[in-house]
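# Survey of secondary and tertiary structure
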Amino acid sequence: MNFQWYPGHMTKAKRMMQENIKLIDLVIELVDARIPMSSRNPDIDELGKNKARLILLNKSDLADDRQTENWVDFFKKKGYSVVKVNSRKGGGIKSIQGVIQEACKEKIERDRKRGILNRPVRAMVVGIPNVGKSTFINALAGKACAKTGNKPGVTKGKQWIRLNKNVELLDTPGILWPKFEDQTVGLKLAFIGSIKDEIMNLEELAAELIHFLTDNYVGILNEKYGIEEVGDPYACLTEIARNRHCLVKGNELDTLKAANLLLDDFRNGRLGKITLEFPEEYES
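This text gives an overview of the structure that appears in the document. (Residues numbered from 1 in each chain as written. Predicted model: local features only at pLDDT ≥ 70, side-chain atom pairs only at ≥ 80, totals over all residues. Heavy atoms only, no water.)

### Focus: the overall build of the chain
What the chain contains, in helices and strands, is 11 helices and 8 strands. Taken across its 284 residues, the chain has 50% of its residues classed as buried. Nonlocal contacts in the chain, meaning residues at least 24 apart in sequence, comprise 68% of its contacts between residues at least 6 apart. Accessible surface, the chain: about 13,900 Å² in total, of which carbon and sulfur atoms supply 49%. (Helix = DSSP H or I, 4+ residues; strand = E, 2+ residues; numbered from the N terminus. Buried < 20%, exposed > 50% of the residue type's maximum accessible area, 1.4 Å probe, protein only. Contact = heavy atoms within 4.5 Å. Areas by Shrake-Rupley, 256 points an atom, 1.4 Å probe, with all protein chains shown as cover.)

### Here we look at the side chain of Thr68
When you line up the elements, Thr68 lands in helix α3 (residues 65-77). The exposure class assigned to Thr68 is buried, which follows from its relative accessible area of 3%. Ignoring any residue separated from it by four or fewer positions in sequence, one finds Thr68 in contact with Leu57, Ala63 and Lys84.

### Digging into the environment of Gly193
Of note, Gly193 is situated in the loop between α7 (183-192) and α8 (202-216). What makes Gly193 buried here is its relative accessible area of 17%. It is 8.6 Å that separates the C-alpha atoms of Gly193 and Leu263, two residues lying 70 residues apart in sequence.

### Focus: the side chain of Glu168
Locating Glu168 in the fold gives a position in strand β6 (residues 167-171). Overall, the relative accessible area of 13% leaves Glu168 in the buried class.

Distances and angles like these do not, on their own, reveal function.
Right under this line is the structure:
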């Protein structure tokens, strides 16, 4: 599978971020806790240099807890503030305001010395499409002030959201890099649904997921679908189709339906808590 993705509105969004970065004190970057590196946009480090940084490991309820702790340590070592969140259910949201103040304490202190008191911290919320930015902003603000949707690219324009007298948020459209330098990044994004299923070969995608799970989470497919976890991933997919009665006319096994079932079960946490990449792969 070859992944390319760079719609025009993302070019525009990057330009808009470059213009807005001088207005803000803090970059809040949402990543998916299951793929913390693959769901980052490398441009954001360049855009956000000299700003306070906060990384939110979102959808942490779907990720492997042990690995999430390892990722928290990984990012903290690099100088980021880090919080695990689950925006949909509100997990971790209450702690964010305090973390924002802590991350920006140097700026607040500089302001105080200059006699500027009570100026709100201005934070820019960034992240690639479908990582949960709008849901996070709504959870933090306690009301639906940012459009949400689980289709990539729902947020189009920029909007300022005043949380309280201490914090203002700038919501920005998700942006992705021009090309995937490493195709495994595209694959992981496809696993979590950040690349439209309509343009994917879902049986191939499901086979790749089976391959990863049998290597890293032994027993999980056997427990869920009652299949032998050996040999060819396509054979495993056929077994899932047989055991879950995924059939087409004429009682033929429907491996496409089985692929959809597997991907849906993974994305919704029904296979258990799974992380698709580990910090040691990125430690140089």
